[in-house]
Amino acid sequence: MGFLDDCCNTGETLAMASLPLQEWCEPYDWKTALSNGTIFPCLNMEFYKAEKIPCSICKEEGQSDQSKKLNEINAVSFAINDLTLYLDTHPDCKNGLALFKELTQKRLELLADYAKQYNPLTQSSMITGTPETEEYGWAKGPVPWEGGHV
Amino acid sequence: MWCYEKRLQFPVKINKTCPKTAQLIISQYGGPDGELSASMRYLAQRYSMPIKKVGGLMTDIGTEEINHMEIICAMVYQLTKNLTPEEAKTAGFDAYYIDHTAGVWPQAAAGVPFTALEFQSKGDAMADLYEDLAAEQKARTVYENLLRVIEDPDVREPLKFLRAREIVHFQRFGEALEMTKQKLDSKNFYYFNPEFDKKMFHQEEQ
């Protein structure tokens with residue numbers, strides 16, 4: 001049994017896969033997480049046939065103010081999405097939680113601002129952005145799949 | 001429950017009509033390794049996961065897969081919304097056009113309709129997590145196959161994003177596997193099924 005004990009007390013065992021847990025790696029600026037497909041540089045593993053695709057969401061020139069603001073909301077929201085999955089498996093990570101708090105606050109402000117200037121993207125921002133409204137504005141603005149304001 | 005946001009997770013703006021491209025990427029809507037299949041897989045498996053945090057992760061990844069389904073559908077829609085009958089005929093999109101006109105319907109690239117047979121909910125945490133890890137790899141392969149043959153940068157950009165997500169999800173499912181393993185006896189992970197043999201699992205936990 002001595003041999004078996006030695007072999008099975010290690011992290012790796014027969015007939016079972018293992019994967020290292022991700023350690024915190026300094027994240028990308030939240031504005032660039034979306035174009036990288038993740039907020040974590042250590043998980044950004046490129047495909048050779050997709051390295052040279054021009055990044056339309058990175059370009060600021062020639063974009064309307066509305067497009068820029070929507071891009072910002074998409075960017076901060078995605079950074080939160082990716083961070084959420086990380087926190088699901090790393091609930092005790094203080095760095096992750098601090099960034100989550102900061103970005104969530106930022107997102108709420110951007111959503112309210114967008115609802116005030118253009119149209120609501122979430123039901124709650126209809127109220128936080130335009131508290132005085134006399135009109136139910138949920139149907140305002142383009143439908144997401146039409147490609148408006150990109 | 002779910003709340004809708006009136007935006008895509010990754011923006012899609014395609015200017016050129018191309019039914020041929022639509023016919024290829026529609027596989028990531030209703031195909032064997034598509035986003036619909038992915039979301040239904042994780043959202044079905046999560047109920048009986050023995051580790052609460054793993055069920056939570058499946059909810060969040062399953063939710064993100066619904067976002068991805070919407071991105072794929074938006075691409076199919078934009079690639080075909082100005083379709084002419086002539087274009088449908090010459091691009092090999094004619095059979096789809098006859099059945100669905102320019103509507104969006106879940107099928108694989110080869111025309112096989114979406115079916116729940118594309119995924120499993122096995123009621124065994126190990127078996128399900130291994131399926132999930134494999135599913136992320138298979139979806140990555142599909143995105144790479146698409147990126148090799150599609151040239152329009154408006155289509156390539158969202159495909160590149162979706163491919164990147166498969167790798168992140170794979171890592172998270174790997175971490176979920178480790179979390180599940182930690183609650184079991186490393187001398188024999190297969191002595192019982194923690195998802196079904198609950199009494200034995202709870203004894204183990206103490």
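Computed from a prediction, not measured in an experiment: that's the story for all the values here.

Caption draft 1: Structural view of the overall build of chain A. When helices and strands are counted, chain A shows 5 helices and 0 strands. Listing the helices and strands of chain A from first to last along the sequence gives α-α-α-α-α. Whereas a compact globule of 150 residues would reach a radius of gyration of roughly 15 Å, chain A reaches 21 Å, over 25% beyond that. For the C-alpha atoms alone, the extent of chain A along its principal axes is close to 75 × 40 × 25 Å. Burial status across chain A gives 31% buried among its 150 residues.

Caption draft 2: Layout of the environment of Glu-26 of chain A. Residue and element names in this part refer to chain A. Within the secondary structure, Glu-26 is located in the loop between helix H1 (2-8) and helix H2 (30-36). Taking the number of C-beta atoms within 10 Å as the measure of exposure, Glu-26 has 8 and is therefore exposed. Placed 69 residues apart in sequence, Glu-26 and Asn-95 show a C-alpha to C-alpha distance of 9.4 Å.

Caption draft 3: Focus on the nonpolar core. Ranked by internal contacts, the top residues of the largest apolar core, which has 75 residues, are Ala-79 of chain A together with Ile-25, Ile-71, Ile-72, Met-75 and Val-76 of chain B. Sorting the residues of this core by element identifies H2, helix H3 (65-89) and helix H4 (94-117) of chain A together with helix H1 (19-25), helix H3 (35-45), helix H4 (52-80), helix H7 (125-149) and helix H8 (153-182) of chain B as the ones contributing at least two each. The element best represented in this core is H4 of chain B, accounting for 12 residues. Look past the residues within four positions of Ile-72 of chain B in its chain and what remains in contact with it is Ile-25, Gln-28, Tyr-29 and Glu-35 of chain B.

Caption draft 4: Seen up close, the packing of H3 of chain A against H4 of chain B. Here H3 of chain A crosses H4 of chain B at 165°, and the two axes come no closer than 9 Å. Regarding the angle of H3 of chain A to H4 of chain B, the classification is roughly antiparallel. The chirality of how H3 of chain A crosses H4 of chain B is left-handed. Between H3 of chain A and H4 of chain B, the contacting residues are Asn-81, Thr-84, Leu-85, Asp-88 and Thr-89 of chain A on the first element and Lys-53, Gly-56, Leu-57, Asp-60, Ile-61 and Glu-64 of chain B on the second. The class makeup of the residues in the contact of H3 of chain A with H4 of chain B is 3 nonpolar, 4 polar and 4 charged.

Caption draft 5: Main features of the interface of chain B and chain A. Residue-level contacts link 45 residues of chain B with 38 residues of chain A. Top element by residues in the side of chain B that touches chain A is H8 of chain B. It accounts for 19 residues. When the residues that make up the side of chain B that touches chain A are grouped by side-chain class, the tally is 20 nonpolar, 6 polar and 19 charged.

Caption draft 6: Representation of the packing of H4 of chain B against H8 of chain B within the structure. Residue and element names in this part refer to chain B. Where H4 meets H8, the axes come as close as 11 Å, and the angle between the chain directions of the two elements is 170°. By the angle between their directions, the pair H4 and H8 is classed as roughly antiparallel. For H4 against H8, the interelement crossing comes out left-handed. Every residue of H8 that contacts H4 at Lys-53, Val-54, Leu-57, Ile-61, His-68, Ile-71 and Met-75 is listed here: Val-155, Pro-158, Leu-162, Arg-165, His-169, Arg-172, Ala-176, Met-179 and Thr-180. Residues of the contact of H4 with H8, tallied by class, amount to 10 nonpolar, 3 polar and 3 charged.

Caption draft 7: The confidence of the model for chain B, seen in detail. Averaged over all residues, the pLDDT of chain B is 96; the fraction at 70 or higher stands at 99%. Across the predicted assembly, pTM comes out at 0.95 and ipTM at 0.96.

Here is what the cut-offs are and how they apply
- Residues numbered from 1 in each chain as written.
- Chains lettered and ligands numbered in written order.
- Predicted model: local features only at pLDDT ≥ 70, side-chain atom pairs only at ≥ 80, totals over all residues.
- Helix = DSSP H or I, 4+ residues; strand = E, 2+ residues; numbered from the N terminus.
- Rg over C-alpha atoms; globule rule 2.2 N^0.38 Å.
- Buried ≥ 20, exposed ≤ 12 C-beta atoms within 10 Å, placed from the backbone.
- Core = buried A, V, L, I, M, F, W, Y, C linked by C-beta atoms within 7 Å.
- Contact = placed C-beta atoms within 7 Å.
- Axes fitted to C-alpha atoms, helices over the stretch in contact; angles between N-to-C directions.
- Parallel < 35°, antiparallel > 145°, perpendicular 65-115°, else oblique.
- Left-handed = near helix turned anticlockwise from the far one by under 90°.
- Nonpolar A, V, L, I, M, F, W, Y, C, P; charged D, E, K, R; others polar.
- pLDDT = per-residue confidence, 0-100.

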